Structure formats: structure tokens, C-alpha cells
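Chain residues, written in single-letter form:
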Amino acid sequence: MTAARVRSGGRPTLEEVAARAGVGRGTASRVINGSPRVSAHTREAVEAAVAELGYVPNRAARALAGNRTDAIALVVPEPETRFFAEPYFSDIVRGVGAALADTDMQLLLTLVGSDRERRRLAQYLTAHRVDGVLLVSVHAGDPLPDLLEQLGMPAVMSGRRSASEPLASVDSDNFEGARAAVDHLISRGRRSIATITGRLDVYGARRRLDGYRKAVSAAGLGPDEQLIAPADFTEEGGAQAMRDLLARRPDVDAVFAASDVMAAGARQVLREAGRRIPDDVALIGFDDSAVARHMDPALTSVRQPIEEMGRTMARVLLQEIAGENQERPQIVLPTELIVRDSS
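As the structure is a computational prediction, the values presented were derived from the model and not from experiment. (Residues numbered from 1 in each chain as written. Predicted model: local features only at pLDDT ≥ 70, side-chain atom pairs only at ≥ 80, totals over all residues. Heavy atoms only, no water.)

**Observations concerning the confidence of the model for the protein chain**
Phase 1: Overall, the predicted model of the protein chain reaches an average pLDDT of 88, with 92% of residues at or above 70.
Phase 2: pLDDT under 50 marks residues 1-8. Its contacts with residues more than four places away, or in other chains, come to 13 contacts. (pLDDT = per-residue confidence, 0-100. Contact = heavy atoms within 4.5 Å.)

Below you can see the structure in the form of C-alpha cells.
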């Protein structure tokens, strides 16, 4: 025991606990953090090593000293169906997880798809059960950001609610991404260019529509309101919007969909209508998800760095929790148009 303490400068480390127990560092960490995914024998060995060495986890020491929980909530105000259907959310979670991998923070995923779930979450946050919150896919009028502001809870959003957002946020350049997509369609000779929007109570969806309007206006093509079809970021919504567009404007020769998932719905309707992609109608999506790469024909899409957004959100939140951020940053990451066969 004395030798172990000397090696770590007087305080035993997690590595020394693992070595004393004859297990890996990850296994020792799981036991100390109360994970059920270890055998009773292993748990006993690690607990004995902790007792022998007098090990105190840094996480526990900080929590006791500063009323910390060492937990972060990732809050998604969407129903489960949308969360599991859209690759965007899994990529955000992957990025957040990567940023937290080398910390002691626990990540709690919370889906808030109903008023009842929203009330329960408000009670949970009011009790300060977490040190900070990551908010993903926030709609205009959602009371959660204001509640976090009132509680003084560190928080970072993926995308703003408006241009005057008071909370820290991380987003991709939705405006420039959309404009680049439509400019590409114009450069290919398309003139009746439609867009399928996401829910316009989401700031990012409004910015993509703004980028579309800017591009078609600059080319002297409108915008024509009959070529703008609102939808909701779902495949079904994209399909219905495409049906509406074909009914209103059968001369449409290009479509910019504000997500790959909606583009997939539009593609199905175009095929059913006998429209060839890209010969008759060019098609572009947004996200550059696996949906785009596996579509037939492969979908041209605006790539937004979703995993990097997740990593950046987590880093900003950790800085805010530590008191390192005096100002709440509004970070916008660049997008890139990935050209494939559909355009």
C-alpha cells in the first residue's frame, strides 16, 4: 500500500486500484461508478482494493466539495419515433459521447415528446439533478431554454431559436448550405426549383429556406411561393410535400429538400409519378447522412459536421460548468455540398 501511494504522489489512482484488484482500468471504473455490468467476484475484488488503498474517486470528491452531480442531460424535445428515424440525432449523441469519454461526466439521454414528460423534466432540472444540459432540436416557443436561464443552469443548444438567442449554441451554416445547394442546381440548368422545408418553428429550417430564397432570387427565378412546400423533417412529410408540389407545379425540374430523410420521401413519390432522377427532376438533400449515400441514385446532399457539432456542444458546456466561459458563444460550423448522381 505504501509503495502504491508513493508512486502516485501520496494519493492512490484508479490505475493502482485496477492493478491491485487484477482487473483493467475500465472494469475498475465501472465498479466504482456502480455499473451492474460486472460479476460479484470482480466487484468484491475492486471494492477490497479501494478499501486497502484508501482510494477516493476524483468525481466523488468534487461532487462533495461543490454540490456537483457530475452528470449532463442531453435533452431532445421530440417523440421517440423521430429520434430513432433520423441519423442526425445518433450522430449528435456520438459526438457528445466522444467529447465526454475522457471525463467523469455521466450522460443522461432524455426524450421529451409530451407535456407530461416536459413537466417531469422541469421538476428534475429544478432539483439540480444534473450539472448542465445539452438541448437538441429546440422549437420556437419551447419553454425549456427559458427555464434553464431562470435556474442559472449551464446549457448549450444545437441551433438557436432566433438570431438573438441568449444561450450558448452550436450550429452548422444552414443558410450557406442551402444557398450552395440551389446554386448547384441553377448551374446545372434547372429553372423550376422547389424546396421542401422542415418545420419552420425550428430556426435552422428557417435559415435553410432563407438560403433557398436568396439563391433563386439572385438568379432571377423568384422565389415562387408555389414551389415552397412545408413539411416536418420526416419521410412521410417529404412524400406528401412532393405530391403537393407535383399537383401545383408539374413543371418542377429540381427539388432541394431540407433533410435527407425528406428527400427519400420525395424520391419515392417522383418514382411513382414516372419522373426520372436526375433526368427529369434533380434532387438534393441536407445532412449527408447514410440515407444519402445508400439512396439510388446516390443523393447529392449538404454535409453538416454533426458529430463535430456534438463534440463542440459538450466542450462548450464543460467550460461553462467549470466557470471558464464568461460569454455564451454562438458557434457556426461550415457546411459542404457533396455532389452525387441525383443532381
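**Concerning the environment of aspartate 260**
Phase 1: Assignment of secondary structure puts aspartate 260 in helix α13 (residues 260-272).
Phase 2: Owing to a relative accessible area of 0%, aspartate 260 belongs among the buried residues under this scheme.
Phase 3: Considered as a pair, aspartate 260 and valine 281 are 21 residues apart in the sequence and their alpha carbons are 16 Å apart.
Phase 4: With sequence-adjacent residues up to four places away left out, aspartate 260 is seen in contact with Gly285, Phe286, Asp287, Asp288, Ser289, Val291, Ala292, Met295, Leu299 and Ser301.
Phase 5: There is a polar contact of 2.7 Å between the side chain of aspartate 260 and the backbone nitrogen of serine 289.
Phase 6: Within the structure, the side chain of aspartate 260 is placed 2.7 Å from the side chain of serine 301, a separation counted as a polar contact. (Helix = DSSP H or I, 4+ residues; strand = E, 2+ residues; numbered from the N terminus. Buried < 20%, exposed > 50% of the residue type's maximum accessible area, 1.4 Å probe, protein only. Polar contact = N/O pair within 3.5 Å; in protein donor to acceptor, adjacent residues only side chain to side chain.)

**Observations concerning the nonpolar core**
Phase 1: Residues Val182, Ile196, Tyr212, Met242, Val255 and Phe256 are the most contacted members of the largest nonpolar core, which totals 46 residues.
Phase 2: Taken together, the elements giving at least two residues each to this core come down to α10 (174-187), β6 (193-197), α11 (203-218), β7 (228-230), α12 (235-248), β8 (254-257), α13 and β9 (282-287).
Phase 3: With 6 residues, the top contributor of residues to this core is α13.
Phase 4: Beyond its immediate chain neighbours, meaning those up to four positions away, valine 255 contacts Leu185, Ala194, Ile196, Met242, Val281, Ala282, Leu283 and Ile284.
Phase 5: One finds Tyr88, Met105, Ile306 and Val316 within the second-largest nonpolar core, a separate group that totals 25 residues. (Core = buried A, V, L, I, M, F, W, Y, C linked by side-chain atoms within 4.5 Å.)

**Regarding the pattern of salt bridges**
Phase 1: Scanning the model with the defined rule gives 22 salt bridges in all.
Phase 2: Close ionic contact of aspartate 142 with arginine 118 constitutes a salt bridge, the shortest N to O distance being 3.0 Å. Here aspartate 142 is found in the loop between β3 (132-136) and α9 (144-151), whereas its partner arginine 118 is found in helix α8 (residues 115-126), with 24 residues between them in sequence.
Phase 3: Using a relative accessible area of 6% as the deciding quantity, one classes aspartate 142 as buried. (Salt bridge = Lys/Arg side-chain N within 4 Å of Asp/Glu carboxyl O.)

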